[in-house]
Amino acid sequence: MLRHRLAALFEPRSLLVLSARRLPVVQTPPTLLRGRIADIPLADDGRWVLPETLDFLQPGQRLDMAVLCLDPARLPAALGALRAHRPRALVLLPHETPAADPQETRAYCQAWGRMNDCLVLGPGALGVQRPHLGLNLGLADHAAPAGRVALVAQSRMVAAAVLDWAGDIQLGFSAVVSTGDTAGVTVAEVLEYLSMDPRTDSIVLYLEAADSSRRFTSALMAAASVKPVIVLKAGRQGPHDSAAADAVFDALLRRTGAVRIRFFVQLFSALKVLVHTKHQRGRRIALFANGYGAAHLALDAIPPGGPVSRADLSTQTRRDLVALLEPGAVVDNPVVSHAPLEAHGLQRALGLLAADSNVDGVLVLIAPDALSDMGAATEALAQFSESASKPIISCLIGDASMRSLRHHLDRVGLPAFRTPESAANAFGILAAYHYNQTLAQQALPPEMLNRPPRLDEARTLLGDAVMSGRLSLDRAACRWLLDCFHVPILVEDHGVPEAARKNLPMAIHVRQDARFGPYIQFGPGGRPARLATAHREIELPPLNNYLARQLIQRGKFWARVLERDLSPAVFEQLREALERISEVISQLPGVRTLSIDPLWWDDTGLYAEDVQVTLDPDYDGERPENQAYRHMAIHPYPRHLVRPMVLDSGQEWLLRPIRPEDATLLQEFIRGLSDESRYMRFVSMLRELTPRMLARYTRIDYDREVALVATMQVPNPENRGLLRERIVGFAHYLRNADGQGAEYALVIADDWQRRGLGARLMTSLLQVARRQGLTYIEGIVLSSNRAMLGLMTSLGMTNDPDAEDPGMRRVWMNLDTK
């Protein structure tokens, strides 16, 4: 694998320090930098002399990193002298002397970085820490303890506060980075690096402003597909437009699989439950407590319609609890026992709750009890949690006598909280994480809905309007547009049926967010709803069947009105209408807004009283797939790449982009490879992909990477010989950090090698790379893999020695010359 561009920042191999104060990394050099640090002293007048060469660098070799902590007035001179060493990364730490013009200083430093192909972190950055490497590139004398959590913050003050607080609860970190006042190194780049970092199991992200839409979305999606990502974002308060933008940001996080928390105090609760706890598959929880008070406080923290709800225990569970617990114990949910806690009885009670099919998780609330052996009860709880198939969260209320017991439970992987409210909130975080992960795995069907839209006709309709200077469609044109996409809504000219007007109207709106592009709103409609600024649910396109259903059913309008009154047939029409409207805005970047309000309904159909569509004056009719769907925050599944193919032998096969539901097929493909083929691909003897690797290779964001599979229809002996799909080839590229090129990989099933399949699959991958505007593609191949080297050479690729490893070859191609 090629070295990531941010490796110079997180794992530097050489370092130059020019600082007005002595930095920790100079006082205790980490092993990876021992003998490869140039510590440049400053004279009493603040001047310095940079050597022309560094003895630990080979002639022509670039310096990995430079760290500067200087009076801002001296930065231009320092950067000018530093140019000779061509650092790959530059960290600019805060100095006690403020800049005369901070904005001008930032702009100068960022421009210097762009001109010298150098990553710039700062000015005013907290720095970078990699505790497991002993790397502390900042001003803090005390480094964070080593752990598995990465902290990324746009505020160095928030980062410093998290580190200080984490020390009190013994939380360790795999990486800490603060981007300072501005980001030459963007949050998106850092997320891309951390998503592939084997030392990082989860990521905490503090945001004050998100990066540009597509790059940030892609990076967040890549990271959240393989490890929990917790986002704390400031700026929720503000005018109506800010509130709408915040709701769109929430929708984006749901679709990427990340979890947003609202308050700083929730940060460590989220880390506890997402890193250590079994992840629940539903929202129904059971509560067990040794007193009424704690149970009711926890229930008060579970709002109606929130991410979790109180489970309805089965009749059998309640009977078994009556037989087990003391007379007078409460056996509804919550279950409350006032008898002294006894280890075996506690485990049996919790076992009954966890075994109930109506229960998705168990919350245990224990207050100090002088009649109970609290240590034995805590140990019993820890043992039960280890063997339980469902998530268990505990709350040991109190501090003086309960703190050490909570720490014990935390150490064994059972999250323990101090208050009922924080424990209940932690379950909500778990449920939200599972829900968001489900949304993140949704992809469009490989084919359009049963009737494909008349795209050429719709594009002509919009193009003619824009060419005529009309930026909105009249009623007839709106009806025509909806008909082109077969939207099952009647646009009535002669009045809405009286039966429909008896129901509360709905509304569908397509709006534009300045950062994240189009989004879809659904909720109550009509003039009263508009005047009351009714709450509407928001989702980002593209939508599939599941996402459209969730958009309808997530809101209060569904729970209070539609669930009771909407017929199943009309619900399906509404769901299909949302899917097809999503298709409108995905395929027609020229549509700026679309409103169907009020949308009336009866037992048989949907009726639009008013439809409005506005257009983008710059719409040029270009197909969105040729522009990587730049008008949207989320790249749709590229179903235009699904193609039936035929080998020279006449064997039929299917070329298609991989999908999240292909995880089982991909695992079978990897398991079926010979040891030699697996080694040639992964340079290791792994026999199957880990769950994290499976997610990484199947949950693809097709803006930053492409994964194509070749599949065949083969008999399935487990199902009477009926045909099933089998993956026989896999080709993948991941866009490099420079945005211009990509690193590729190719592997073919052993029994399908030397049949021309690899050449056809790789040729298709190269065609996609050119279409996405990449200028080069490259890969690292074992020198002993002569078959792969021969194939790539036959495709016109160049085969060069790898500068860092003589056992590997760098195989590459300039795509803009073919």
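The shown structure was predicted, so the numbers you read here are calculated from the model rather than taken from an experiment.

Looking now at the overall build of the protein. Along its length, the protein carries 27 helices and 33 strands. Here the C-alpha radius of gyration of the protein, 30 Å, is about what a compact globule of 818 residues would show, namely 28 Å. On the principal axes, the C-alpha backbone points of the protein span a range of 85 × 80 × 65 Å. Here the protein holds 818 residues, and 55% of them are scored as buried. As presented, the protein carries roughly 35,500 Å² of accessible surface, and 51% of it is formed by carbon and sulfur atoms. Averaged over its 90 positive side-chain charges, the protein has a centre that lies 2 Å from the centre of its 91 negative ones.

The next thing to look at is the sheet that holds strand β5 (residues 119–121). Strand order in the open sheet formed by 5 strands is β2-β1-β3-β4-β5, and the pairing between neighbours is parallel. A strand with exactly one partner marks an edge of an open sheet, and here the two such strands are β2 (37–40) and β5. Looking at each pair of strands side by side, their axes are set apart by 15 degrees on average, direction ignored. Relative to strand β4 (residues 89–92), strand β3 (residues 65–69) runs parallel, the two sharing 4 bridges. When the sheet's bridge partners are listed, V67 is paired in β4 with V91. The sheet strands contacting helix α3 (residues 75–82) are β1 (15–19), β3 and β4, and the helix crosses β3 at an angle near 160 degrees.

Pairing within the open sheet is mixed, and its 8 strands lie in the order β26-β27-β28-β29-β30-β31-β33-β32. In the strand order of this sheet, the two ends are held by β26 (643–646) and β32 (798–801), each with one partner. Put simply, the sheet's adjacent strands are angled 30 degrees from each other on average, direction ignored. With 7 bridges connecting them, strand β29 (residues 722–735) and strand β30 (residues 741–748) associate as antiparallel partners. Among the inter-strand pairings, F730 is bridged to a residue of β30, identified as V747.

This paragraph deals with the pairing of β4. Because side chains alternate across β4, one face comprises the buried residues A89 and V91, and the other comprises L90 and L92, equally buried. In this sheet, β5 lies alongside β4 in parallel orientation, the contact comprising 3 bridges. For V91, the partnering residue across the bridge sits in β5 and is L121. The parallel pair β4 and β5 is bridged by helix α4 (residues 102–115), and the resulting crossover is right-handed.

For strand β17 (residues 392–396), a buried count of 5 out of 5 residues is recorded, marking the element as mostly surrounded by other parts of the structure. Side chains I392, S394 and L396 of β17 all project onto a buried face; the interleaved residues I393 and C395 project onto the opposite face, where all are buried too. By the bridge criterion, 5 bridges tie strand β16 (residues 361–366) to β17 in an arrangement that is parallel. Directly across from L363, in β17, lies its bridge partner I393. In terms of handedness, the path from β16 via helix α13 (residues 374–387) over to β17 forms a crossover that is right-handed. Both β17 and strand β18 (residues 416–417) contribute to a ladder of 2 bridges, which runs parallel. Note on β18: the bridge partner recorded for C395 is F417. Chirality of the crossover, the property in question, places the unit of β17, helix α14 (residues 403–411) and β18 among those that are right-handed.

We now examine the packing of aromatic side chains. Evaluated as defined, the whole model comprises 7 aromatic pairs. A ring pair is formed by F10 and Y193, whose centres lie 4.7 Å apart and whose planes are at 10 degrees; its orientation type is stacked. Linking F10 in helix α1 (residues 7–10) with Y193 in helix α6 (residues 187–195), this pair joins segments that are 183 residues apart in sequence. Neither F10 nor Y193 differs from the other in exposure class; each is buried.

For helix α12 (residues 343–355), with 13 residues, the first-to-last C-alpha span of 18 Å sits near the 18 Å given by 1.5 Å per residue. Taken as a whole, α12 has its buried residues at L346, A349, L350, L353 and A354. All buried residues of α12 fall inside an arc of 135 degrees around its axis, so they share one side. Lining the buried residues of α12 we find β13 (284–289), α11 (315–324), β15 (335–336), β16 and α13.

On the secondary structure map, R451 appears in the loop between α15 (420–440) and α16 (455–467). Ignoring any residue separated from it by four or fewer positions in sequence, one finds R451 in contact with H486 and R580.

Residues W165, F263 and V265 make up a contiguous nonpolar surface patch of roughly 310 Å² in combined accessible area. Structurally, the position occupied by F263 is in the loop between β12 (259–261) and α9 (267–276).

Another point: the environment of A499. With respect to the helices and strands, the residue A499 is situated in helix α18 (residues 498–501). If we ignore the near neighbours within four places in the chain, the residues touching A499 are W601 and D602.

With that settled, consider the state of the cysteines. For the coordinates displayed, the defined rule picks out 0 disulfides. With no disulfide of its own, C478 has C484 as its nearest cysteine by sulfur position, at a separation of 12 Å.

The contact between helix α10 (residues 292–300) and α15 brings their axes to 8 Å, and the two run at 45 degrees. Our classification of the angle between α10 and α15 gives oblique. Handedness of the crossing formed by α10 with α15: right-handed. Between α10, through A294, L297 and A298, and α15, the contact on the second element is made entirely by P420, E421 and A424. Considered class by class, the residues forming the contact of α10 with α15 number 5 nonpolar, no polar and 1 charged.

The subject of this paragraph is the confidence of the model for the protein. Confidence in the prediction for the protein averages 89 pLDDT; 95% of positions are at 70 or higher. Between the elements of the protein, mean pLDDT differs from a low of 74, seen in helix α19 (residues 526–531), to a high of 97, seen in strand β25 (residues 611–615). Counting contacts from residues 237–241, a segment whose pLDDT is below 50, to residues more than four positions away or on other chains yields 0 contacts.

With that settled, consider unusual backbone geometry. Between G122 and P123 the backbone carries a cis peptide bond, its omega angle lying at 5 degrees. Residues P541 and P542 are joined by a peptide bond in cis, for which omega reads 5 degrees. Tracing the backbone shows P542 in the loop between β22 (537–539) and α20 (545–553). The residue A628 is not glycine, and still its phi comes out positive at about 55 degrees. Phi at Y629 is positive, roughly 50 degrees, even though this residue is not glycine. Relative to the elements of secondary structure, Y629 occurs in the loop between β25 and β26.

Definitions and limits used
- Residues numbered from 1 in each chain as written.
- Predicted model: local features only at pLDDT ≥ 70, side-chain atom pairs only at ≥ 80, totals over all residues.
- Heavy atoms only, no water.
- Helix = DSSP H or I, 4+ residues; strand = E, 2+ residues; numbered from the N terminus.
- Rg over C-alpha atoms; globule rule 2.2 N^0.38 Å.
- Buried < 20%, exposed > 50% of the residue type's maximum accessible area, 1.4 Å probe, protein only.
- Areas by Shrake-Rupley, 256 points an atom, 1.4 Å probe, with all protein chains shown as cover.
- Lys, Arg positive; Asp, Glu negative; His and termini not counted.
- Charge placed at Lys NZ, Arg CZ, Asp CG, Glu CD.
- Pairing = 2+ DSSP bridges.
- Axes fitted to C-alpha atoms, helices over the stretch in contact; angles between N-to-C directions.
- Contact = heavy atoms within 4.5 Å.
- Right-handed = clockwise from strand over helix to strand, strands pointing away.
- Phe/Tyr/Trp six-rings, centres within 6.5 Å; stacked < 30°, edge-to-face > 60°.
- Expected span 1.5 Å × (residues − 1).
- Arc of directions from axis to C-beta.
- Patch = residues over 30% accessible without salt bridge, like charges linked within 9 Å, V, L, I, M, F, W, Y side chains within 5 Å.
- Salt bridge = Lys/Arg side-chain N within 4 Å of Asp/Glu carboxyl O.
- Disulfide = S-S within 2.5 Å.
- Parallel < 35°, antiparallel > 145°, perpendicular 65-115°, else oblique.
- Left-handed = near helix turned anticlockwise from the far one by under 90°.
- Nonpolar A, V, L, I, M, F, W, Y, C, P; charged D, E, K, R; others polar.
- pLDDT = per-residue confidence, 0-100.

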